[in-house]
Amino acid sequence: MKEDIKSFTISIYTENNIGLLNRISAIFQRRHINIESLTTSQSEIDGVNRFVIVVNICEDTACKIVKQIEKQVETIRAYYHTEDQTIFTESCMFKIKSDLLFNEPQIQNIIKESNARIVTVNKEFFVLEKSGRRNEIESLRRDLNVFGIMQFVRSGRIAVTKDQMKITELLTAFNNQ
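Just so we're clear, the structure is a prediction, and the values are computed from it rather than from any experiment.

Scanning the protein chain for helices and strands turns up six helices and nine strands. Residues counted as buried form 41% of the 177 residues belonging to the protein chain. Here the analysis covers contacts within the protein chain between residues at least 6 apart in sequence; of these, 75% occur between residues at least 24 apart. One way to put it: in the protein chain the 24 positive side-chain charges average out to a point 3 Å from where the 23 negative ones average out.

Tallying each qualifying case throughout the model produces 10 salt bridges. Among the salt bridges present, the one from Lys-64 reaches Asp-60, with a minimum N-O distance of 3.2 Å. With a gap of four residues between them, Lys-64 and Asp-60 both fall in helix 2 (residues 59–70), about one helical turn apart. Across the pair Glu-138 and Arg-154 runs a salt bridge, and its minimum N-O distance is 2.4 Å. Remark: Arg-154 occurs in strand 8 (residues 151–154) and Glu-138 occurs in helix 5 (residues 134–145); sequence separation between them is 16 residues. One salt-bridge network, in which partners are shared between bridges, spans Glu-90, Arg-134, Glu-138, Arg-141 and Arg-154.

Residues Met-93, Val-119 and Val-153 make up a contiguous nonpolar surface patch of about 240 Å² in total accessible area. Position of Val-119 relative to the elements: it lies in strand 6 (residues 117–121). Looking at Val-119, the relative accessible area reads 40%, which means it is partly exposed.

Glancing now at helix 2. Given a rise of 1.5 Å per residue, 12 residues ought to cover 16 Å, and the 17 Å separating the end C-alpha atoms of helix 2 matches this to within 8%. When helix 2 is considered as a whole, its buried residues turn out to be Thr-61, Ala-62, Ile-65, Val-66 and Ile-69. The buried side chains of helix 2 occupy one side of the element, clustering within an arc of 135° when seen end-on.

Turning our eyes to something else, we now look at the domain arrangement of the protein chain. Under the domain assignment used here, the protein chain contains domain 1 (5–87 + 161–175) and domain 2 (89–154). Just the C-alpha atoms count here: the centres of domain 1 and domain 2 sit 32 Å apart.

Our next topic: the state of the cysteines. On inspection of all chains with the given rule, the structure shows zero disulfides. As a non-bridged cysteine, Cys-58 has Cys-63 as the owner of its nearest cysteine sulfur, 10 Å distant. Cys-58 gets classed as buried once you look at its relative accessible area, which sits at 15%.

In this structure, Ile-10, Phe-28 and Ile-69 are the most contacted members of the largest nonpolar core, which totals 17 residues. Residue assignment for this core shows that the elements contributing at least two residues are strand 1 (6–14), helix 1 (20–30), strand 3 (49–57) and helix 2. Look past the residues within four positions of Ile-10 in its chain and what remains in contact with it is Phe-28, Phe-51, Val-52, Ile-53, Val-55, Ile-65, Val-66, Ile-69, Tyr-79 and Tyr-80. Counting residues in each nonpolar core, the second largest holds 15 residues, with Phe-94, Ile-96, Leu-100 and Ile-137 among its members.

So, about the pairing of strand 3. Most of strand 3 sits inside the fold, with eight of its nine residues counted as buried. Sheet analysis places strand 1 next to strand 3, joined by nine bridges and oriented antiparallel. Paired with Ile-12 across the bridge in strand 3 is Phe-51. Of the pairings in the sheet, the one linking strand 2 (residues 35–42) to strand 3 comprises seven bridges and is antiparallel in character. Of the residues in strand 3, the one forming a bridge with Gln-42 is Asn-49.

Cut-offs and rules
Residues numbered from 1 in each chain as written. Predicted model: local features only at pLDDT ≥ 70, side-chain atom pairs only at ≥ 80, totals over all residues. Heavy atoms only, no water. Helix = DSSP H or I, 4+ residues; strand = E, 2+ residues; numbered from the N terminus. Buried < 20%, exposed > 50% of the residue type's maximum accessible area, 1.4 Å probe, protein only. Contact = heavy atoms within 4.5 Å. Lys, Arg positive; Asp, Glu negative; His and termini not counted. Charge placed at Lys NZ, Arg CZ, Asp CG, Glu CD. Salt bridge = Lys/Arg side-chain N within 4 Å of Asp/Glu carboxyl O. Patch = residues over 30% accessible without salt bridge, like charges linked within 9 Å, V, L, I, M, F, W, Y side chains within 5 Å. Areas by Shrake-Rupley, 256 points an atom, 1.4 Å probe, with all protein chains shown as cover. Expected span 1.5 Å × (residues − 1). Arc of directions from axis to C-beta. Domains from an automatic or database assignment. Disulfide = S-S within 2.5 Å. Core = buried A, V, L, I, M, F, W, Y, C linked by side-chain atoms within 4.5 Å. Pairing = 2+ DSSP bridges.

Shown next as structure tokens:
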């Protein structure tokens, strides 16, 4: 019986060492798994970083990957979660010609309806920022694409779990070593 492919968010707590990103991505590459999104940042504990990786795989594969990642010396702990177990968002920015903002009332309506925020405006361009689910961002991109987007960038997913993770105690103990 073949398992269902689902979107999993893999959270990895690590030391901040050179080459770790390469070794983690190699784990996915060896298994021919495409990384849909990858974000790294400081975790809730100083000196400990967190990777948030989104992949579309079956749960058995997610479990195996987490075990493989935890074998890396710098990895403190790794977890996998389904979308139902996390609260997540992405951010994006659009750079668009300024004259459109003043000459196309439809753009103003799109901005208002999408809850996007104007970050800056000058003579040549304006910049919009939008946070939300990927489908919301893609919908806004499609709406604005008609008018011409000069630049577009989207972040990777950032996520927290709905349930309490006992990672803070583990990280505090690690940090006090």
